[in-house]
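Working through the structure, step by step
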Amino acid sequence: MHALRRLFCTATLLGLASLAAPVLASSAAPKDGVEYKTLPSPQPTDAGPRKIEVIEFFAYYCPHCYAFEPLLAEWVRKQGDAIVFKRVHVPRDAGVLPQQRLFYTLESLGLLEQYHAKAFAAMHVERLRLASDEQVFDWAARAGIDRARFIETYRSFGVQAKLRRAATLMQDYGVTHWPMLAVDGRFLTSPGMVAEGAEGGQSETQLFQGTLQVMDQLVAKAKAGKQ
């Protein structure tokens, strides 16, 4: 795997250089196989015939996902009803499973929009590990969520089914690093892929902005295919 892309696969705090540079020209005219790729087999979506499904594959422990979140959230807000946006918390190992369960519990309780940013902040600002069930339960209770209701949902068959679905989606889409974004079940892009098309000297924020530019192009491409 390319070294620049590998930066976005780890949970370390390695940052890219923060040199000032213009918006990536390659992001305005992205190339298939570089800044994005077309899946060999399109995946089914739930967005309906006229809307575009966008999926973010992410993890709470990932510092790049945390840094990308506010920019992505603003991009999603600007899309309005043109897209259907979903998140998939990727699996990794036993130490990440409580964080993954946390995400799907919040989603199941209808609390995700209220607590998603707070869960990120718990790990990256408060430096909580959230690596065990009890740590997650304690955090949820302190955050104001009913502890008993949270635990019941956390251990439910519904959340377990969501975990299995996440693993299946990760495999079906061929997700190798994160954050990674899927558009219309046909295209994948990521800051790591955009980094491969850049000439170097780009800050992490500029790569994020470049990724959103690529997403604009892919959403437009997907819309054109539906007309």
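Residues numbered from 1 in each chain as written. Predicted model: local features only at pLDDT ≥ 70, side-chain atom pairs only at ≥ 80, totals over all residues. Heavy atoms only, no water.

1. Side note on the packing of helix α4 (residues 97-108) against helix α8 (residues 157-173)
Between α4 and α8, whose axes approach to 9 Å, the crossing angle comes to 115 degrees. When you trace α4 past α8, the crossing you get is right-handed. In this structure, α4 uses Leu97, Gln100, Arg101, Tyr104, Thr105, Glu107 and Ser108 to contact α8, whose residues at the interface are Val159, Gln160, Lys162, Leu163 and Ala166. Of the residues that constitute the contact of α4 with α8, the class distribution is 5 nonpolar, 4 polar and 3 charged. (Axes fitted to C-alpha atoms, helices over the stretch in contact; angles between N-to-C directions. Helix = DSSP H or I, 4+ residues; strand = E, 2+ residues; numbered from the N terminus. Left-handed = near helix turned anticlockwise from the far one by under 90°. Contact = heavy atoms within 4.5 Å. Nonpolar A, V, L, I, M, F, W, Y, C, P; charged D, E, K, R; others polar.)

2. Notes on the confidence of the model for the protein
Averaged over every residue, the pLDDT of the protein is 90; the share at 70 or more is 89%. For residues 1-22, every residue scores under 50 in pLDDT, and the model assigns this stretch 54 contacts once sequence neighbours within four places are set aside. (pLDDT = per-residue confidence, 0-100.)

3. Things to note about helix α3 (residues 63-79)
For α3, spanning 17 residues, the distance from its first C-alpha to its last is 25 Å, which sits close to the expected 24 Å at 1.5 Å a residue. Where α3 bends most, at Glu69, the angle is about 40 degrees, and the proline Pro70 comes one to four residues later. When we look at burial in α3, the residues that qualify are Pro63, His64, Cys65, Phe68, Glu69, Leu72, Trp75, Val76 and Gln79. In the core, the buried residues of α3 are packed alongside β2 (52-58), β3 (83-89), α5 (112-124), β4 (180-183) and α10 (204-226). One or two steps after α3, the chain reaches Gly80, where phi turns positive at roughly 60 degrees. (Expected span 1.5 Å × (residues − 1). Bend = angle between axes of the 7 residues up to and from the residue. Buried < 20%, exposed > 50% of the residue type's maximum accessible area, 1.4 Å probe, protein only.)

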